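Residue-level structural notes
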Number of protein chains: 2
Amino acid sequence: MDATSAVAAFAALAHEHRLAAYRLLVEAGPDGLSAGAIAGQLGLPPSSLTFHLQQLLHAGLVSQRRASRQIIYAMVAVAMNGLMAFLTENCCGGQASCAPACAPAELSLSA
Amino acid sequence: MDATSAVAAFAALAHEHRLAAYRLLVEAGPDGLSAGAIAGQLGLPPSSLTFHLQQLLHAGLVSQRRASRQIIYAMVAVAMNGLMAFLTENCCGGQASCAPACAPAELSLSA
DNA sequence: CTGACGCTTCGACAATCCTTGAATTGTCGT
DNA sequence: ACGACAATTCAAGGATTGTCGAAGCGTCAG
């Protein structure tokens, strides 16, 4: 994960509809959701949704596969984790005393 | 952390210079850096840097305090963590079998 | 082969963001 | 009080992004 792709990923998430779509896909997990299912939950016209999904796709945050007539989008977990690792990289210069602030317990699982 | 402030935070990070500045502040830790120090490392004119720092400030990602003639910026750890927690919230619908993909080991510490 | 469906691409417009020089505010040493 | 310094505010431009109707492409049922 380099700075350029991190910027692209953040830009992809920096929009109300895209963030909402991405969070639906995070919740859906590896099985993903069809474009139509996402459009239904977000209430967007198809062309607008495609526009946003392409941004997420181009940023590498989601993957795309075809299932008969539908197109299924799914989160790319490694991209999300890489993004977070990039953000916290070398946090506090590596001082152990500061480390808890960099990756606190409540992040370990979203239970 | 609601969707609106998450969008604001991602938008703040979705720019080359702001992401670079923020990462400098993450590395600097609680002590922070002066605006001039950041400008020096990034090679930006002062007005441009202020513009970007204001975005980070307004998004709640950094804090601002004055030290005599200088203004010191520092990361707000709780905002960064809240952002990551928001992103992974309810990951995979809470399925334990999927959870490792949502917050893998290498994120726990940036050692 | 035909019609219907799901999604994407195209095109044009409106809205927003980024950049930077010049002027301004706040602070310090003398 | 004065000059110097650090940072911010202001203003104007050029560039980028978001929106969505209409048209096109691939897929499936009959």
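An unreviewed UniProt entry lists chain A under the name ArsR family transcriptional regulator, with Dankookia rubra as the source organism.

Residues and elements named next belong to chain B. Note that Arg18 resides in helix H2 (residues 16-28). Notably, Arg18 is buried but unbridged: the nearest opposite-charge side chain belongs to Glu16, and the N-O separation is 11 Å. A polar contact of 2.7 Å, which involves the side chain of Arg18, links it to the backbone oxygen of Ala12. Setting aside anything within four residues of it in sequence, one finds Arg18 in contact with Ala11, Ala12, Phe51, His52, Gln55 and Leu56.

This part covers the protein's contact with DNA strand D. Taken together, 24 residues lie near DNA strand D, and Arg18 and His52 of chain A together with Gly36, Thr50 and Tyr73 of chain B sit nearest. Near the protein, meaning within 4 Å, the atoms of DNA strand D are sugar or phosphate in a fraction of 64%, with bases accounting for the rest. Separating a phosphate oxygen of DNA strand D from a side-chain N or O atom of Ser48 of chain A is a distance of 3.4 Å. Gly36 of chain B is positioned such that a nitrogen or oxygen atom in its backbone is 3.0 Å from a phosphate oxygen of DNA strand D.

Residues and elements named next belong to chain A. Here 2 bridges tie strand E1 (residues 33-34) to strand E3 (residues 70-75), and the two strands are oriented antiparallel to one another. Bridged to Leu33 within E3 is Tyr73. Two elements, strand E2 (residues 62-67) and E3, share 6 bridges in a ladder whose sense is antiparallel. Across the sheet, Arg65 pairs through a bridge with Ile72, a residue of E3. From the end of E2 to the start of E3, which pair antiparallel, there are 2 residues, and Ser68 there has a positive phi angle of about 55°.

Residue-level contacts link 38 residues of chain B with 38 residues of chain A. Between chain B and chain A we count 2 salt bridges in total. For Arg23 of chain B, the salt bridge is made with Glu89 of chain A, and the minimal N-O distance between the two is 3.5 Å. At the junction of chain B and chain A, the tally comes to 8 residue pairs in polar contact (both at pLDDT 80 or more). Contributions of two or more residues to the side of chain B that touches chain A are made by helix H1 (3-13), H2, helix H5 (77-88) and helix H6 (99-102) of chain B. Of all the elements, H5 of chain B adds the most residues to the side of chain B that touches chain A, at 7 residues. Residue composition of the side of chain B that touches chain A, by class: 26 nonpolar, 8 polar and 4 charged.

To find the voids left in a structure, one rolls a probe of water-molecule size over its atoms. Tallied over the full model, the rule gives 1 cavity of 30 Å³ or more. Looking at the largest cavity, its volume works out to about 50 Å³. If you trace the largest cavity, you find it lined by Phe10, Leu83, Met84 and Leu87 of chain A together with Phe10, Leu83, Met84 and Leu87 of chain B. Secondary structure elements with two or more residues in the lining of the largest cavity: helix H5 (77-88) of chain A together with H5 of chain B.

Residues and elements named next belong to chain B. As for its position among the elements, Ala67 is in strand E2 (residues 62-67). A relative accessible area of 30% means that Ala67 is categorised as partly exposed. Distance from Ala67 to Ser34, taken between C-alpha atoms, is 8.7 Å for residues 33 residues apart in sequence.

Conventions used here
Residues numbered from 1 in each chain as written. Chains lettered and ligands numbered in written order. Predicted model: local features only at pLDDT ≥ 70, side-chain atom pairs only at ≥ 80, totals over all residues. Heavy atoms only, no water. Helix = DSSP H or I, 4+ residues; strand = E, 2+ residues; numbered from the N terminus. Buried < 20%, exposed > 50% of the residue type's maximum accessible area, 1.4 Å probe, protein only. Lys, Arg positive; Asp, Glu negative; His and termini not counted. Salt bridge = Lys/Arg side-chain N within 4 Å of Asp/Glu carboxyl O. Polar contact = N/O pair within 3.5 Å; in protein donor to acceptor, adjacent residues only side chain to side chain. Contact = heavy atoms within 4.5 Å. Near = heavy atom within 4 Å. Pairing = 2+ DSSP bridges. Nonpolar A, V, L, I, M, F, W, Y, C, P; charged D, E, K, R; others polar. 1 Å grid on protein atoms, 1.4 Å probe; cavity = no way out; pocket = protein on both sides within 12 Å on 5 of 7 lines; lining within 4 Å. Points joined across faces, edges and corners; volume = space filled by probe spheres on them.

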